[in-house]
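Now for the letters of each chain:
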Amino acid sequence: MADEAGRLRRIAEAHKNHVVNGMTSKYCVECNWRWPCPTYVWATDERCDPVIDSWLPVDYPDADATC
């Protein structure tokens, strides 16, 4: 359990915003969902609304993960 925080941190670091030459594409480099992607939101405490941000992207293909 002690490494749980480290594991979540590594997951969040992998799911980062795609940046090229200082410009962002607004998509996650790992899963290509709109950033912040659901996995990043899940792995961090950066949630706008825990009920809305816990949705599964597969269930709502046209939804946006941003606040």
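Bear in mind the structure is a predicted one, so any value in this text is a computation, not a measurement.

**Student:** Describe the overall build of the chain, naming the residues involved and giving the relevant values.
**Tutor:** When helices and strands are counted, the chain shows two helices and two strands. The proportion of buried residues among the 67 residues of the chain is 24%. A separation of at least 24 residues holds for 32% of the contacts in the chain among residues at least 6 apart in sequence. Accessible surface computed for the chain: about 5100 Å², of which carbon and sulfur atoms make up 54%.

**Student:** Break down the pairing of strand S2 (residues 23–28) for me, with residues and values.
**Tutor:** Here strand S1 (residues 17–20) runs beside S2; their pairing, made up of three bridges, is antiparallel. Note that in S2 the partner of Val 19 across the bridge is Thr 24. Between S1 and S2, which pair antiparallel and follow one another directly, the connecting turn spans two residues, one of which, Asn 21, has a positive phi of 55°.

**Student:** Could you give an account of the side chain of His 15, naming the residues involved and the relevant values?
**Tutor:** Residue placement: His 15 occurs in the loop between helix H1 (4–14) and S1. Apart from the residues lying within four places of it in its own chain, the contact partners of His 15 are Cys 28, Glu 30, Cys 31, Trp 35, Cys 37, Thr 39 and Tyr 40.

**Student:** Lay out H1 in plain terms, naming residues and giving numbers.
**Tutor:** Those residues of H1 that fall on the buried side of the exposure criterion are Gly 6, Ile 11 and Ala 12. The secondary structure elements touched by the buried residues of H1 are helix H2 (38–43).

**Student:** I'd love a proper account of the side chain of Thr 44, names of residues and values included.
**Tutor:** Structurally, the position occupied by Thr 44 is in the segment after H2. Owing to a relative accessible area of 14%, Thr 44 belongs among the buried residues under this scheme.

**Student:** Account for the packing of aromatic side chains, naming residues and giving values.
**Tutor:** If you walk through the whole model with that rule in mind, you get one aromatic pair. Ring geometry for Trp 35 versus Tyr 40: centroids 4.9 Å apart, planes at 45°, classification tilted. With relative accessibility at 12%, the residue Tyr 40 sits in the buried group.

**Student:** Describe the pattern of salt bridges, naming the residues involved and giving the relevant values.
**Tutor:** Overall, the coordinates contain one salt bridge when judged by the stated rule. A salt bridge links Arg 9 to Glu 13; the nearest nitrogen and oxygen atoms lie 3.8 Å apart. Taken together, the positions of Arg 9 and Glu 13, both in helix H1 and four residues apart, correspond to about one turn of that helix. Accessibility expressed as a relative area gives 48% for Arg 9, which makes it partly exposed.

The rules we used
- Residues numbered from 1 in each chain as written.
- Predicted model: local features only at pLDDT ≥ 70, side-chain atom pairs only at ≥ 80, totals over all residues.
- Heavy atoms only, no water.
- Helix = DSSP H or I, 4+ residues; strand = E, 2+ residues; numbered from the N terminus.
- Buried < 20%, exposed > 50% of the residue type's maximum accessible area, 1.4 Å probe, protein only.
- Contact = heavy atoms within 4.5 Å.
- Areas by Shrake-Rupley, 256 points an atom, 1.4 Å probe, with all protein chains shown as cover.
- Pairing = 2+ DSSP bridges.
- Phe/Tyr/Trp six-rings, centres within 6.5 Å; stacked < 30°, edge-to-face > 60°.
- Salt bridge = Lys/Arg side-chain N within 4 Å of Asp/Glu carboxyl O.

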